[in-house]
There are 2 protein chains.
Amino acid sequence: MEDLVFERGADALTIRDVAGRAGCSTTIVSHYFRTKLEMLVFTHKGVRARAEALLNDAVENKSGLLTTMAALLPATRERQKDWNTWFAFWGMTPEDPRVTLEWHQDSSQAHSLFERLAIVGQKSGEVHPALDPGVAASMIKVIMNGISSLWAQDRTRWTAVEQQKLLKVMLKNAGLSQG
Amino acid sequence: MEDLVFERGADALTIRDVAGRAGCSTTIVSHYFRTKLEMLVFTHKGVRARAEALLNDAVENKSGLLTTMAALLPATRERQKDWNTWFAFWGMTPEDPRVTLEWHQDSSQAHSLFERLAIVGQKSGEVHPALDPGVAASMIKVIMNGISSLWAQDRTRWTAVEQQKLLKVMLKNAGLSQG
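Residues numbered from 1 in each chain as written. Chains lettered and ligands numbered in written order. Predicted model: local features only at pLDDT ≥ 70, side-chain atom pairs only at ≥ 80, totals over all residues. Heavy atoms only, no water.

Asks: Can you explain the overall build of chain A? Please cite residues and give values.
Replies: Of regular secondary structure, chain A possesses 9 helices and 0 strands. For chain A, contacts bridging at least 24 residues in sequence account for 64% of all contacts bridging at least 6. Accessible surface, chain A as shown: approximately 7,800 Å² in total, 56% of it carbon and sulfur. Charged side chains of chain A number 21 positive and 20 negative; the gap between the two group centres comes to 3 Å. (Helix = DSSP H or I, 4+ residues; strand = E, 2+ residues; numbered from the N terminus. Contact = heavy atoms within 4.5 Å. Areas by Shrake-Rupley, 256 points an atom, 1.4 Å probe, with all protein chains shown as cover. Lys, Arg positive; Asp, Glu negative; His and termini not counted. Charge placed at Lys NZ, Arg CZ, Asp CG, Glu CD.)

Asks: With reference to specific residues and values, describe the interface of chain A and chain B.
Replies: Each side of the interface is counted separately: chain A has 42 residues, and chain B has 42 residues. Both sides of the chain A and chain B interface together cover about 3,400 Å² of buried area, and 59% of this is carbon and sulfur. Here chain A is connected to chain B by 0 salt bridges. Counting every contact that joins chain A to chain B gives 6 residue pairs in polar contact (both at pLDDT 80 or more). Going through the elements one at a time, helix 1 (2-8), helix 6 (77-90), helix 7 (97-124), helix 8 (133-153) and helix 9 (160-173) of chain A are the ones with two or more residues in the side of chain A that touches chain B. The element that contributes the greatest number of residues to the side of chain A that touches chain B is helix 8 of chain A, accounting for 12 residues. Across the side of chain A that touches chain B, the residue classes break down as 19 nonpolar, 13 polar and 10 charged. (Buried area = accessible area lost by both parts, 1.4 Å probe. Salt bridge = Lys/Arg side-chain N within 4 Å of Asp/Glu carboxyl O. Polar contact = N/O pair within 3.5 Å; in protein donor to acceptor, adjacent residues only side chain to side chain. Nonpolar A, V, L, I, M, F, W, Y, C, P; charged D, E, K, R; others polar.)

Asks: So what's going on with the relation of the copies chain A and chain B? Which residues, and what values?
Replies: With an RMSD of 0.0 Å, chain A superimposes on chain B once it is rotated by 180 degrees and translated 0.0 Å along the axis. The superposition of one copy onto the other is thereby described by a two-fold rotation axis. In terms of C-alpha distance to the rotation axis, chain A has Gly146(A) as its closest residue, with the C-alpha 2.1 Å off the axis. An overlap of 100% is found between the interface residues of chain A and their copies at the interface of chain B, pointing to a shared contact surface. (Least-squares fit on C-alpha atoms with pLDDT ≥ 70 in both.)

Asks: Summarise unusual backbone geometry; cite the residues concerned and give the values.
Replies: Residues and elements named next belong to chain A. With phi around 50 degrees, Lys 62 is a residue other than glycine that occupies positive phi space. Along the chain, Lys 62 turns up in the loop between helix 4 (36-61) and helix 5 (65-72). Given a relative accessible area of 60%, Lys 62 falls into the exposed group. (Buried < 20%, exposed > 50% of the residue type's maximum accessible area, 1.4 Å probe, protein only.)

Asks: Residues and numbers for the packing of helix 4 of chain A against helix 5 of chain A, please.
Replies: Residue and element names in this part refer to chain A. The contact between helix 4 and helix 5 brings their axes to 10 Å, and the two run at 165 degrees. Judged on the interaxial angle alone, helix 5 and helix 4 are roughly antiparallel. Where helix 4 crosses over helix 5, the handedness of that crossing is right-handed. Contacts from Ala 51, Leu 54, Leu 55 and Ala 58 in helix 4 reach Thr 68, Ala 71 and Leu 72 in helix 5. Residue composition of the contact of helix 4 with helix 5, by class: 6 nonpolar, 1 polar and no charged. (Axes fitted to C-alpha atoms, helices over the stretch in contact; angles between N-to-C directions. Parallel < 35°, antiparallel > 145°, perpendicular 65-115°, else oblique. Left-handed = near helix turned anticlockwise from the far one by under 90°.)

Asks: Outline the environment of Val120(A), supporting the account with residue identities and numerical values.
Replies: Residue and element names in this part refer to chain A. Take Val 120: it is sitting in helix 7. Among the residues examined, Val 120 registers a relative accessible area of 18% and is labelled buried. Here the alpha-carbon distance between Val 120 and Leu 65, two residues 55 residues apart in the chain, equals 8.7 Å. Setting aside its immediate chain neighbours within four residues, Val 120 contacts Val 59 and Lys 62.

Asks: Just give me the short version of the packing of aromatic side chains, but keep the residues and values in it.
Replies: In the structure shown here, the tally under the stated rule is 10 aromatic pairs over all chains. Look at Phe87(A) and Trp90(A): their rings are 5.4 Å apart centre to centre, the planes differ by 70 degrees, and that puts the pair in the edge-to-face class. Here Phe87(A) pairs with Trp90(A), and both are found in helix 6, just 3 residues apart, close to one helical turn. With respect to class, Phe87(A) is no different from Trp90(A); both count as buried. Ring pairing ties together the aromatic residues Trp83(A), Trp86(A), Phe87(A), Trp90(A), Trp83(B), Trp86(B), Phe87(B) and Trp90(B), which thus form one cluster. (Phe/Tyr/Trp six-rings, centres within 6.5 Å; stacked < 30°, edge-to-face > 60°.)

Asks: Could you give me a rundown of the pattern of salt bridges, with the residues and numbers involved?
Replies: Applying the stated criterion to the full structure yields 18 salt bridges over all chains. Between Arg48(A) and Glu102(A) there is a salt bridge, with its nearest N and O atoms 2.9 Å apart. Taken together, the residues span a long stretch of sequence, with Arg48(A) in helix 4 and Glu102(A) in helix 7 at a distance of 54 residues. A salt bridge links Arg48(B) to Glu52(B), with the nearest nitrogen and oxygen atoms 3.0 Å apart. Separated by 4 residues within a single helix, Arg48(B) and Glu52(B) lie in helix 4 (residues 36-61), roughly one turn from each other. The exposure class of Arg48(B) is buried, given its relative accessible area of 10%. One salt-bridge network, held together by shared partners, links Lys45(A), Arg48(A), Glu52(A) and Glu102(A).

In C-alpha cells:
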C-alpha cells in the first residue's frame, strides 16, 4: 500500500485500488479494511516496524548514530516511500483514536530507541557525554524529520549526498557526532 | 479550508464540504475548483502567504531569529492549522505539476527569506558570523520543520513551552542564537 501512497498520495488508498494492486477482489480487501483510515493506519504500522527494526539492529550492533541516521533518510526509493507515508500521517486529524494511538506508539517507540542509540553513542565517544539522552533523542528526531521535510519539498535538490552533508554538520553542531 | 483540513484531514476537502462550510452552493465552489487537489493547492497558497508575510515583517523590523521562529511554531491554534496543511502537502505525490510548482515556490521563497533573516542576524550578532547564510537557512528550516513534526505526533507533550525550549537549545548549538 505504501506504493500507492507514494505514487498517488494517501487519497489513492481506496479499497478498489488496493484490490487492483494486490490482484484480488474488493470483497477480500473490505473483509480486512472498512475505511481508508484503517488502510492508512495499517500502512503506517508497516513503515514503523521497518524503521524500528533498523533502529533495534543499530542499538544491538552499535552501528553509530551517523550511519544509522543516514540509513533512515529518504535517500533511497524504499525510504522515500516510507517518508511519504509518515508525512501523510502527520497531516491527519487527531479526532480519531486509532490515529492518536498510532501517533503515540510511533513517537514513544522512536524516542526510546533514539535514546538508547544516544547512550550507545556516549559509550563509544560519538555523542557528547554531558548531553541528556532524552534531549538528545528529541534533537535526533528534529534533525531526521527536518532534513526529510526539505527533501519532501525539493526532491531534485536534496539528493542523498546533500542530505548527508547537512546531517553531518547538524549532528556535529548538536554534539551528536564528535571527533 | 484550512479549518476543514485541520478538523477532518485533507480528505475532507470535498466540494460539497467546502460549500457547506462556506454556506454556498456546490455549483459556486465547483466554478472555482474542479478537484480536491486544486482546493488543497489553494489552501496551501494561503498558508504560505501568511508565513511569508510574517517572515518579510521579521526581515524589515529585524525581529531576530529566535522571536521569528517561535512565532512560526505550532504553538497557537492558528499556526497548528497551518502546519497541518503543510504536512498534508508534503505527503502528496510529485506527479502533478501543480504540486511540484507549489512545493518549489514554497521552498525557494522560504529559503531566501530565511537566508535574509540569517544575514540580519549576523549584523545584530545573533547569528555566528562564519556561517554561510545558505547553510544557515537550511538549518533553520530543519529545526522549524523538525520541531513541528514532534508536535504533529504528540500534541499534548509538545506544548508551546516545550517547543520553545528545544528551539532555543538547537538554535544555540547551530550557532544561530549566540550570547
